[in-house]
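Residue-level structure breakdown
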Amino acid sequence: MTLTTINRAFTTINPATGEQLATFETISDAELEVALATADRAYADWRERPAAERAAIIKKAAAYLRDNQAEYSGLITLEMGKLAWESDAEVGLAASILDYYADRVEQFLEPEPLPESPGAYLETAPIGAIFAIEPWNFPYYQLARVAGPQLAAGNVVLLKHAQSVPQCALAFARAFEQAGAPEGVYTNLFVTHEQAATIIADPRVAGVTITGSPRAAATVAAQAGQNLKKVVAESGGSDPLIVLDDADIPGAVFGAVFGRMFNNGQCCVGSKRLIVVGKDRAEQVIAGVVEALAALKPADPAEPAGPLTNLGPLSSERALDLLLEQIETAKQNGAQVRTGGKRIDRPGFYLEPTVLTGITKSNPAYTEEFFGPVLAAYVVDTEEEAIALANDTPWGLGASVFTGDTKHGRAVASHIDSGMVFINQPAWTAAEVPFGGTKSSGFGRELGELGFGEFVNRKLVNVAKVGSGPWGPSPE
């Protein structure tokens, strides 16, 4: 790719200053055809390589990320404004995901006997090129949770990253190049939306995965469905954090603040709705959250700092303007601002951490996702009301329950309509933990063994001894 000042489709803008730093051209249709043909040829070779050989290359890519952590984490902070300590953590998380699948691929590919049908077993095989459309908020983690399982399984990956993190996209692709991955095994593509539709329709592409808005996920799923291709979609959330009447209040306050402010609130599984049982306790929890948020110091995200110390910028001016518009609409419909709600007067895209209360069901804020440092706080009288409120949403990604009785917390978790529930913690992620949601938050799973199984052919093989009848079990 070459730098240009003409085509601004993929552009680095420093969110801490608003300065435009670099732009990258989208590829031509002819270049796209070359990339698709190269990936198709690479798949024919890659799928036949021993799993251990594929794993060795993936582990080298993980090691390259770790060996160059300062460079890689610096690019995250530069392009989307993540605090430095969080960027460091993301690089380590991405590397751990690659290692996880490299270390377990042979186990995951083991044939699975079907005891009830002697002679039959399931064989796991790759299916082809997987096209991934990924967002800016976790520039490496989002890529690793596709590349790790799919490359280990024997698939190849074509990647369209978000337009605001092109240098992160190039850097991640470079890790596989440096690890010795053959050309076409992992391909970064700077393509337009129209070219993305062409990729989805191409018969050389076997499956599609997207993390994005519900609208984007629905569009991609429809395009894939027209071509009978498997899709995995994660499309955001408005996760509830329920504080039951026996919960430790300081612990709940810390969990709510950490869960809301990680990545400056730009997490699909951020704790976006605080639901507290009991009016007296609710005021203690909300006051504690307000105090902690008000203490955050706006700063350059590259500045060294620990958790819940500094406040970083939003990823873009567009993201900031959308949040300001949502806050104003919420206020016009009766919500009260307990703290924050305004743009911070300094260069870059900074928003005061905000707590909204008094949100009624008729308020648009009741069902919207606030993708930034905005927390909606609710007070209810009973546990049953808390569960009903948690579920009264089109979203269903994650949830948290804070309680002094973990056994009871598990019972509450079983009544929450979401893909993930965390007891006495805000949502978190790791290589071994399946990630995904339900309802408008999408379908399918990434990470863990479930993530490995989304884009493979679970092929039935039935073995019958010579002379067996035309059907039925017949062990060798």
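Everything below is about the structure shown above.
Structural notes, computed from the coordinates. No experiment lies behind these values; they were computed from the predicted model shown.

Points about the side chain of N363
Structurally, the position occupied by N363 is in the loop between β15 (354–357) and β16 (374–380). Since its relative accessible area comes to 2%, N363 is described here as buried. Of note is the side chain of N363, whose polar atom sits 3.0 Å from the backbone nitrogen of A365. The contacts of N363, once residues within four sequence positions are left out, are T329, A330, N333, G334 and A335.

Describing the pattern of salt bridges
As enumerated under the stated definition, the model contains 22 salt bridges in all. For R145, the salt bridge is made with E234, and the minimal N-O distance between the two is 3.4 Å. With R145 in helix α5 (residues 141–153) and E234 in strand β9 (residues 230–234), the pair connects residues that are 89 residues apart, well separated along the chain. Judged on exposure class, the residue R145 and its partner E234 are both buried. One salt-bridge network, held together by shared partners, links K59, R66, D99 and D103.

With respect to the sheet that holds strand β11 (residues 271–277)
Read across the sheet, 7 strands follow the order β14-β15-β16-β11-β10-β17-β18 without closing on themselves; strand pairing throughout is mixed. For this open sheet the edge positions go to β14 (336–339) and β18 (422–423), each flanked by a neighbour on one side alone. Sheet analysis places strand β10 (residues 239–243) next to β11, joined by 5 bridges and oriented parallel. Opposite L241, over in β11, you have L274 as the bridge partner. In this fold helix α9 (residues 249–261) packs onto β10, β11, β16 and β17 (400–402), with an angle of close to 160° to the strand it touches most, β11. Against the sheet, helix α12 (residues 383–391) engages β10, β11 and β16, with an angle of about 160° to β11.

The rules behind each value
- Residues numbered from 1 in each chain as written.
- Predicted model: local features only at pLDDT ≥ 70, side-chain atom pairs only at ≥ 80, totals over all residues.
- Heavy atoms only, no water.
- Helix = DSSP H or I, 4+ residues; strand = E, 2+ residues; numbered from the N terminus.
- Buried < 20%, exposed > 50% of the residue type's maximum accessible area, 1.4 Å probe, protein only.
- Polar contact = N/O pair within 3.5 Å; in protein donor to acceptor, adjacent residues only side chain to side chain.
- Contact = heavy atoms within 4.5 Å.
- Salt bridge = Lys/Arg side-chain N within 4 Å of Asp/Glu carboxyl O.
- Pairing = 2+ DSSP bridges.
- Axes fitted to C-alpha atoms, helices over the stretch in contact; angles between N-to-C directions.

Fair warning: the whole summary comes from geometry, so function is off the table for now.
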